[in-house]
Amino acid sequence: MMKITLFALAALAVACAQEAAPPVVAAAPAVQIVKQVDDVDVDKYNFEFETSDGTSRQETGEYKNDTEQQGLVVRGSYKYVAPDGQHIAVTYLADKNGYQPTEEAGDKAQAPAAQAPAAEAPAAPAPEA
Ligand SMILES: *[C@@H]1O[C@H](CO)[C@@H](O)[C@H](O)[C@H]1NC(C)=O
């Protein structure tokens, strides 16, 4: 009985020690805004930003009031480099038919600044819809 209690206490101590360990934080360079645009009008808007880590976001919205559409039509895109190095790019349209995203996951790459223009690899066949 005593052995079991000691074992349980030891296991608890190990679990607590693991939780209390400080997180390992990699020193990353500070991310800076390299582009920022904001245009707001009565019936439309546009904004854009880009940061030094390869992240960007852009969106335009326009208020429509015609037979096709009554309400906002929003078009935009965002890009970022995922933690595994993959370049993610999403373009979307949001209108009376809802949010319609198109994702393009790019190849793994080095840091965006180190990326050099290279010859395009043969395009993979488009997935069946
Ligand atoms: C949209 O257009 C209709 C028809 O011209 C008009 O009656 C209505 O007031 C408009 N709505 C807005 C919010 O502008």
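Use the structure listed above.
A brief structural summary.

Rules and cut-offs
- Residues numbered from 1 in each chain as written.
- Predicted model: local features only at pLDDT ≥ 70, side-chain atom pairs only at ≥ 80, totals over all residues.
- Heavy atoms only, no water.
- Helix = DSSP H or I, 4+ residues; strand = E, 2+ residues; numbered from the N terminus.
- Buried < 20%, exposed > 50% of the residue type's maximum accessible area, 1.4 Å probe, protein only.
- Contact = heavy atoms within 4.5 Å.
- Areas by Shrake-Rupley, 256 points an atom, 1.4 Å probe, with all protein chains shown as cover.
- Pairing = 2+ DSSP bridges.
- Patch = residues over 30% accessible without salt bridge, like charges linked within 9 Å, V, L, I, M, F, W, Y side chains within 5 Å.
- Salt bridge = Lys/Arg side-chain N within 4 Å of Asp/Glu carboxyl O.
- Lys, Arg positive; Asp, Glu negative; His and termini not counted.
- Charge placed at Lys NZ, Arg CZ, Asp CG, Glu CD.

Assigned secondary structure in the protein consists of one helix and six strands. Its helices and strands taken in sequence order, the protein reads α-β-β-β-β-β-β from the N to the C terminus. Across the 129 residues that make up the protein, the buried fraction comes to 14%. Long-range pairs, those at least 24 residues apart, make up 13% of the contacts in the protein with a sequence separation of at least 6. Summing over all exposed atoms, the protein offers an accessible surface of approximately 10600 Å²; the carbon and sulfur share of this is 59%.

Right, let's talk about the environment of K44 for a bit. Residue placement: K44 occurs in strand β2 (residues 44–51). Sequence-distant contacts of K44, that is, excluding residues within four places in its chain, are made with D39, G61 and E62.

So, about the pairing of strand β5 (residues 86–95). With eight bridges joining them, strand β4 (residues 70–81) and β5 adopt antiparallel strand pairing. Note on β5: the bridge partner recorded for V74 is A94. Linkage of β4 to β5, two consecutive antiparallel strands, is achieved through a turn of four residues, within which G85 is found at a positive phi near 95°.

Here the focus is the environment of A94. Locating A94 in the fold gives a position in strand β5. Note: C-alpha distance between A94 and G76 (18 residues apart in sequence) is 8.6 Å. Residues contacting A94, with those up to four places away along its chain left out, are L72, V73, V74 and Y99.

Before going further, it helps to examine a negative patch on the surface. Among the surface-exposed residues, D38, D39, D41, D43 and E62 lie close enough to one another that they form a single negatively charged patch. By the element assignment, D43 lies in the loop between β1 (33–40) and β2.

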